Amino acid sequence: MSQRPAPLTGIRVLDLTRVLAGPWCTQNLADLGAEVIKIERPGSGDDTRAWGPPYLQDADGADTTEAAYYLSANRNKYSVALDIASPRGAELVRQLARQSDILVENFKVGGLRKYGLDYESLKAENPALIYCSITGFGQTGPYASRPGYDFMIQGMGGLMSITGERDDLPGGGPQKAGVAVADLMTGMYSTVGILAALHERSRSGLGQHIDMALLDCQVAMMANQNLNFMTSGKAPQRAGNAHQNLVPYQVFAAADGHLIVAVGNDSQFRNYCRVIGTPELAEDPRFATNPQRVKNREALVPLLSERMATGKRDHWLAELESAGVPAGPINTLDQVYEDPQVQARQMRRELPHPTAGVAPIAASPLKFSDSPVQYRRPAPLLGEHTEQVLSERLGLSEAEIQALKT
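Residues numbered from 1 in each chain as written. Predicted model: local features only at pLDDT ≥ 70, side-chain atom pairs only at ≥ 80, totals over all residues. Heavy atoms only, no water.

Examining the sheet that holds strand E7 (residues 130-135)
Stage number 1. Taken in spatial order, the 6 strands line up as E5-E2-E1-E6-E7-E8 in an open sheet, and their pairing is parallel. Among the strands making up the open sheet, the edge pair consists of strand E5 (77-81) and strand E8 (209-213). Within the sheet, the average angular offset between the axes of one strand and its neighbour, ignoring direction, is 20°.
Stage number 2. As defined by bridge partners, strand E1 (residues 12-16) adjoins strand E6 (residues 102-105) across 4 bridges and the pair is classed as parallel. (Pairing = 2+ DSSP bridges. Helix = DSSP H or I, 4+ residues; strand = E, 2+ residues; numbered from the N terminus. Axes fitted to C-alpha atoms, helices over the stretch in contact; angles between N-to-C directions.)

Shown next as structure tokens:
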């Protein structure tokens, strides 16, 4: 079957971002076929190039200069090393912006104005430009000038107030997520906003400014917990691995390890009780419905825990799957990539790399039937495509490029 070009083929993105939220957004766009030109500081580049170890290793097992963190968010891009603080460097970036459909940046509010790279300046030259600004707190409000980092945003936005073990149990207290979820969610929301603006541009012919804030995204992603608070007036508290609105929906200890049981309705609860040999619990008025189980959580969970401890993990997993009860193991990352489902979905791939020979990547979860995600190149070396882009996109001669180098 012939395949159609990737969805964003022909779209050009100018990437003035670094670290994670912005690069995650532009990597999504690159995966979808857009041409993404990443502007980096000469000599150092994206901050995450130095966020190691670990580093990508070559065929002999020696470290390259490419940090794993940087590799995770920059595939499929071109790297151009330009000093935007110099008049000539800023002018070259403005020329690229005139040719671009999208610009994504995560400088401090107003930080690009002095280079003529702010939205209003570029809009005057390219009214169709979609310009996405990613900051900690947005372009407005009393915190707009503050720097914002994922860890502090997880705290300010409420996530750490509900993440971690209960305060009255050992290990209780504030806990951040294991990955930078505020950054990642902001990158995803930014992707959605940009794609929506592209669609709107197809009607109006005009671009617009998209104002993305980590704090806004962190607050929004509290989802059901937001409404738990808004409808009750009570702030949700940490519940460990339990669920605020469903019981049983948590980790249980088996005789030889741990597993997750995620009962989502009363029918599943009846099947669960049958599997573990306690069908009478499903008939008990205290536990027969989910609202009653939530109210009587403290009475029910010890009974279930006692029974779960008598069987082995894989036995329970097999029996629960057979009964249609959602359950699963708690895998380490090495086990994740050994999982047959993860392997069948090709979530680990490899790309040729200019210094390491080959670079692993975690694949995009987007699966298109006829215009698939493209894996064209690994995260670029610093300035790897500077000469190519300046020559092909801006028409600079060899002599002009050499003068810039000098």
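Considering the side chain of Asp15
Stage number 1. By the secondary structure assignment, Asp15 is in strand E1.
Stage number 2. With a relative accessible area of 0%, Asp15 lands in the buried category.
Stage number 3. What Asp15 contacts, discounting residues up to four positions off in sequence, is Thr26, Val36, Ile37, Lys38, Ile39, Lys77 and Val104. (Buried < 20%, exposed > 50% of the residue type's maximum accessible area, 1.4 Å probe, protein only. Contact = heavy atoms within 4.5 Å.)

Thoughts on a nonpolar patch on the surface
Stage number 1. Side chains of Tyr143, Tyr149, Met152 and Met156 sit close together on the surface and give an oily, nonpolar patch of about 400 Å² of accessible area.
Stage number 2. On the secondary structure map, Met156 appears in helix H5 (residues 150-156).
Stage number 3. On the basis of relative accessibility, which here comes to 39%, the residue Met156 falls in the partly exposed class. (Patch = residues over 30% accessible without salt bridge, like charges linked within 9 Å, V, L, I, M, F, W, Y side chains within 5 Å. Areas by Shrake-Rupley, 256 points an atom, 1.4 Å probe, with all protein chains shown as cover. Salt bridge = Lys/Arg side-chain N within 4 Å of Asp/Glu carboxyl O.)

Focus on the packing of aromatic side chains
Between two aromatic rings, the relevant description is the distance of the centres plus the angle of the planes.
Stage number 1. This model, assessed by the stated rule, comprises 4 aromatic pairs.
Stage number 2. Centre to centre, the rings of Phe137 and Tyr143 are 5.5 Å apart; their planes meet at 80°, and the pair counts as edge-to-face.
Stage number 3. A cation sits over an aromatic face here: Arg293 above Phe269, 4.3 Å from the ring centre. (Phe/Tyr/Trp six-rings, centres within 6.5 Å; stacked < 30°, edge-to-face > 60°. Lys NZ or Arg CZ within 6 Å of the ring centre and 35° of its normal.)

Focus: helix H9 (residues 224-232)
Each turn of an α-helix holds 3.6 residues, which means side chains three or four residues apart point in the same direction.
Stage number 1. Within the span of H9, buried status applies to Gln225, Asn226 and Asn228. Each buried residue of H9 lies within a common arc of 160° when the element is viewed along its axis, so the set occupies one face. For H9, exposure combined with an orientation more than 90 degrees from the buried face picks out Met230 and Thr231.
Stage number 2. In the core, the buried residues of H9 are packed alongside helix H6 (159-162) and helix H8 (214-220).
Stage number 3. Following H9 by one or two positions, Gly233 has its phi on the positive side, about 80°. (Arc of directions from axis to C-beta.)

Here's the deal with unusual backbone geometry
Stage number 1. Put simply, Gly52 and Pro53 share a cis peptide bond, and its omega is 0°.
Stage number 2. Note on placement: Pro53 falls in the loop between strand E2 (35-40) and strand E3 (55-57).
Stage number 3. The omega torsion across Val247 and Pro248 is -5°, close enough to zero to call that bond cis.
Stage number 4. One non-glycine residue with positive phi stands out, namely Asn76, at about 65°.
Stage number 5. Checked against the element boundaries, Asn76 lands in the loop between helix H2 (68-71) and E5.
Stage number 6. The phi angle at Ala223 is positive, at roughly 50°, despite the residue not being glycine.
Stage number 7. Note on placement: Ala223 falls in the loop between H8 and H9.

Things to note about the pattern of salt bridges
Stage number 1. Under the defined criterion, the tally for this structure stands at 20 salt bridges.
Stage number 2. The partner of Glu35 in a salt bridge is Arg12, and the shortest N-O contact between them spans 2.7 Å. Taken together, the residues span a long stretch of sequence, with Glu35 in strand E2 and Arg12 in strand E1 at a distance of 23 residues. We note that Glu35, like Arg12, is buried.
Stage number 3. Through salt bridges with shared partners, one network takes in Glu91, Arg94, Arg98 and Glu125.

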